[in-house]
Amino acid sequence: MAYTGSLIALVCGAIWGAVVMLVTGVTLTLVTGEIAVPQVGAAALAGALHGFVLVWRGSARRDLNAHVGAALIAFVVVTAFSLAAPFALPLDVVPLWQGVGIFVFLGALGFANAICLNGVPLKAMSRYDREVVYIRVLKGLGFVIFTILVALPFYVMVMTSLKSQQQLLANPLDLSIDLSQGVTSLFRSYVELFTKYNFGTYLLVSAVVSVATVILTLLFSVPGAYAVSRLRFPGRALLSRSVLLIYMVPAIVLVIPLYAVFSQLGLRNSLTGLLIVYPATTIPVALYMLQGYFRGLPAELEEAGLMDGLSRIGVILKITLPLSLPALASVSLYVFMIAWNEFLFAFMFLDDPDIFTLSRGVVALNSSEVPRQHLMAGAVIATVPVLGIFLWFERFLVQGLTAGSVKG
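Values in this document were obtained by computation on a predicted structure and should not be read as measured data.

K.L.:
Can you walk me through helix α5 (residues 127-161) in this structure?
P.N.:
One full turn of an α-helix is made of 3.6 residues, so residues set three or four places apart face in the same direction. Between the first and last C-alpha of α5 there are 51 Å, a value that for 35 residues agrees with the 51 Å anticipated at 1.5 Å per step. Helix geometry: α5 is bent most strongly at Ala151, by close to 25°, with proline Pro153 lying one to four residues after it. Among the residues making up α5, those that are buried are Arg130, Val133, Val137, Gly140, Met157, Val158, Met159, Thr160 and Ser161.

Right under this line is the structure:
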C-alpha cells in the first residue's frame, strides 16, 4: 500500500488535535476549578484539516500564510462541530478562559504539526520518510506524557499548599487559586510551617548533613579514584570492577544490623551516625564516576608536573583537580541530592525532632493533627532547593556522567 503525504498529514493532525485538546481541557480544569469538557472529536477533525493544509502548502515550518489559514480552518471546525464552545465551561468563566483555551489549542496544534510534518509532500512517501514522521510523532507524544507525569504532581502539591483548610474541606478537587485573598493568606501554610512546626531547623540540619556528606565523600573518593586510575598495585582491576557491588545489597537489609550496632555504640539518634552511613553509600559511586574521568586526562601533564618537582599530592591538587572540575561538580551534585532526599536511615536512626532532616521532618507532619496544606508546603520546600540546584548544575552533571566513556 502506497502511503501518501496527505494521508499521513490527516492521521498525524488528528492525533495531535485530540491530544492537544485533551491536555488543554485538563489544564483549564486545573486552573479554573471548573470541569472543562474538551471536544476531542471536533479537535481531531480540526487537527486533520490543519495538518493537510500545511502539507498542501508545501512547507510546514516557514509558510506563515499556511499557518494562519490552517489555524482559521481549525478554529472554524472545532467551534462549529462542537455545537457550542470547544470547552464546555460554565458561562461565568467562558469570556476569559474560553479564549485562552482556544488560543493555546491553536498554538500548540500548529507547533506540533509544523514539527512533525516538516518536509512531508502530498505525493507518495518512501518508507524511510514515513518512519521519520512516525518517530517525530512518538517523540512528541512521549514528551507530552513525560511532562504531564512530572508537572502534574508538582502542580497539585503547590496548589494544595496555597489552600486554606476550609477550601480543602469544601472542595478537595478544586486546584484553582483565589488571588483576591491576598498574599498573606495565600502563603499562610508556609509561614505557619516555620513558626509552628520548626521547619527551619529541618532545613538547616539537612543542609549541614548534605554538605558534610559531599565533603567527606570527595575526601575519600578523589584519592581512591586517582589511585585506581593512575597507580599500579595488586588487585587494582578487581577493585575497579567491584566498587559498585555495595549497590547490589538493598538498604533495607543493611538498616537493621546498622540500627543494632549504632544503638550499642551510642551513634543512634545523632547526626554522627548519618555522617557515617551516608558517605559509605555514596563513596563507591563517586569513586566509579571519578576514575573514568581521571583516566581520560592526559597522563603527560601529570608526568610533566612530577618532572618539575611536584609531589604526587601536588600533582593531584594543582593539575588533576583543576582539570576535573566538571566531574567534581557532577559528583558533588549527585551526592548532595542523595543526602538531601535520603529517608530510610534518617527515619530509623533519628528520634529527636531537633535533629530531624528535611525528609524525616516532612514525614513527621503526616499526621491527623497537621493540616494537609502544611504537609504539601513542606514537600514543596523539600523539593524546590534541590530542583533549583539540579537545573543550575545540569551541564556539569551531563559532562561528568559521560566523562571517560570514550577512550582516546
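K.L.:
How should the state of the cysteines be read in this particular structure?
P.N.:
Summed over all chains, the structure comprises zero disulfides. With no disulfide of its own, Cys12 lies 4.5 Å from the sulfur of Cys116, the closest cysteine sulfur. In this structure Cys12 comes out as buried when scored by relative accessible area, which is 3%.

K.L.:
Help me understand the nonpolar core, please; the structure alone is not making it clear to me.
P.N.:
Nonpolar side chains tend to gather and get buried jointly when the protein is soluble and globular. Ranked by size, the top nonpolar core spans 60 residues in total, and within it Leu193, Phe199, Tyr278, Leu290, Phe294, Phe345 and Phe349 carry the most contacts. When residues in this core are grouped by element, the largest group, ten residues, is from helix α12 (residues 271-296). Setting aside anything within four residues of it in sequence, one finds Tyr278 in contact with Val209, Thr213, Ala339, Glu342, Phe345 and Ala346. Ranked by size, the runner-up nonpolar core spans 22 residues in total, among them Val20, Met21, Val55 and Met125.

K.L.:
Mind showing me how you'd approach the environment of Pro38 here?
P.N.:
Counting through the fold element by element, Pro38 comes out in the loop between α1 (5-32) and α2 (40-57). Put simply, Pro38 and Ala18 are 20 residues apart on the chain and 9.1 Å apart in space, counted from C-alpha to C-alpha.

K.L.:
For this particular structure, what's the right way to read the packing of α5 against helix α18 (residues 372-392)?
P.N.:
Each pair of packed helices can be described by the angle between their axes along with the distance between the axes. At a minimum axis separation of 7 Å, α5 and α18 run at an interaxial angle of 125°. One element, α5, and the other, α18, form an angle in the oblique class. α5 and α18 meet at a crossing whose hand is left-handed. Between α5, through Phe154, Met157, Val158, Thr160 and Ser161, and α18, the contact on the second element is made entirely by Arg372, Gln373, Met376, Ala377, Ala379, Val380, Thr383 and Val384. In terms of residue class, the contact of α5 with α18 is made up of eight nonpolar, four polar and one charged.

K.L.:
What should I look at first to understand a nonpolar patch on the surface in this one?
P.N.:
Taken together, the side chains of Leu7, Leu10, Val11, Ile15, Phe52, Trp56 and Leu122 present a nonpolar region at the surface, about 560 Å² in accessible area. The set of elements that each furnish at least two residues to the nonpolar patch consists of α1 and α2. With four residues, α1 is the largest single contributor of residues to the nonpolar patch. Along the polypeptide, Val11 turns up in helix α1.

K.L.:
It is not clear to me how the packing of aromatic side chains should be interpreted in this structure. Could you clarify?
P.N.:
The relative placement of two aromatic rings is captured by the distance of their centres and the angle of their planes. Per the stated rule, a full pass over the model turns up nine aromatic pairs. A ring pair is formed by Phe187 and Tyr190, whose centres lie 6.0 Å apart and whose planes are at 50°; its orientation type is tilted. Tyr190 sits in the buried class, given a relative accessible area of 15%. Ring geometry for Phe343 and Phe347: centres 5.2 Å apart, planes at 35°, overall tilted. We classify Phe347 as partly exposed; its relative accessible area is 37%.

K.L.:
It is not clear to me how the side chain of Ser189 should be interpreted in this structure. Could you clarify?
P.N.:
The residue Ser189 is located in helix α8 (residues 188-196) in this model. Since its relative accessible area comes to 4%, Ser189 is described here as buried. Within the local environment of Ser189, its side chain forms a polar contact with the backbone oxygen of Ser161, the two atoms lying 3.3 Å apart. Setting aside its immediate chain neighbours within four residues, Ser189 contacts Ser161, Lys163, Gln373, His374 and Ala377.

K.L.:
Mind showing me how you'd approach the side chain of Ser6 here?
P.N.:
Turning to its location among the elements, Ser6 is positioned in helix α1. The class of Ser6 is buried, set by a relative accessible area of 18%. Excluding residues within four positions of it along the chain, Ser6 makes contact with Phe52, Pro121 and Leu122.

K.L.:
What is the right way to look at the pattern of salt bridges in this model?
P.N.:
With the rule as written, the count across this model stands at two salt bridges. The salt bridge involving Glu131 is made with Arg127; its shortest N-O contact spans 3.1 Å. Of this pair, Glu131 and Arg127 both sit in helix α5, four residues apart, which is roughly one turn of the helix. For Glu131, a relative accessible area of 33% puts it in the partly exposed group.

K.L.:
Explain the environment of Ser229 here, please?
P.N.:
On the secondary structure map, Ser229 appears in helix α9 (residues 199-230). Expressed as a C-alpha distance, the spacing of Ser229 and Ser240, which sit eleven residues apart in the sequence, is 8.4 Å. Not counting residues up to four positions away in its chain, the partners in contact with Ser229 are Arg236, Gln291, Phe294 and Arg295. Within polar-contact distance, the side chain of Ser229 engages the backbone oxygen of Ala225 at 2.9 Å.

K.L.:
I'm lost on unusual backbone geometry in this one. Help?
P.N.:
Most of the time, phi is negative for any residue but glycine, and the peptide bond is trans. Phi at Asn198 is positive, roughly 60°, even though this residue is not glycine. As for its position among the elements, Asn198 is in the loop between α8 and α9. Among the residues examined, Asn198 registers a relative accessible area of 31% and is labelled partly exposed.

K.L.:
Please clarify how the packing of helix α14 (residues 312-323) against helix α15 (residues 325-341) should be interpreted in this entry.
P.N.:
Running from N to C, α14 and α15 point in directions that differ by 70°, and their axes come no closer than 5 Å. Taken together, the axes of α14 and α15 lie roughly perpendicular to each other. Residues Leu321, Pro322 and Leu323 of α14 lie in contact with α15, whose contacting residues are Leu325, Pro326 and Leu328. Among the residues making up the contact of α14 with α15, the classes are represented as six nonpolar, no polar and no charged.

Cut-offs applied
Residues numbered from 1 in each chain as written. Predicted model: local features only at pLDDT ≥ 70, side-chain atom pairs only at ≥ 80, totals over all residues. Heavy atoms only, no water. Helix = DSSP H or I, 4+ residues; strand = E, 2+ residues; numbered from the N terminus. Expected span 1.5 Å × (residues − 1). Bend = angle between axes of the 7 residues up to and from the residue. Buried < 20%, exposed > 50% of the residue type's maximum accessible area, 1.4 Å probe, protein only. Disulfide = S-S within 2.5 Å. Core = buried A, V, L, I, M, F, W, Y, C linked by side-chain atoms within 4.5 Å. Contact = heavy atoms within 4.5 Å. Axes fitted to C-alpha atoms, helices over the stretch in contact; angles between N-to-C directions. Parallel < 35°, antiparallel > 145°, perpendicular 65-115°, else oblique. Left-handed = near helix turned anticlockwise from the far one by under 90°. Nonpolar A, V, L, I, M, F, W, Y, C, P; charged D, E, K, R; others polar. Patch = residues over 30% accessible without salt bridge, like charges linked within 9 Å, V, L, I, M, F, W, Y side chains within 5 Å. Areas by Shrake-Rupley, 256 points an atom, 1.4 Å probe, with all protein chains shown as cover. Salt bridge = Lys/Arg side-chain N within 4 Å of Asp/Glu carboxyl O. Phe/Tyr/Trp six-rings, centres within 6.5 Å; stacked < 30°, edge-to-face > 60°. Polar contact = N/O pair within 3.5 Å; in protein donor to acceptor, adjacent residues only side chain to side chain.

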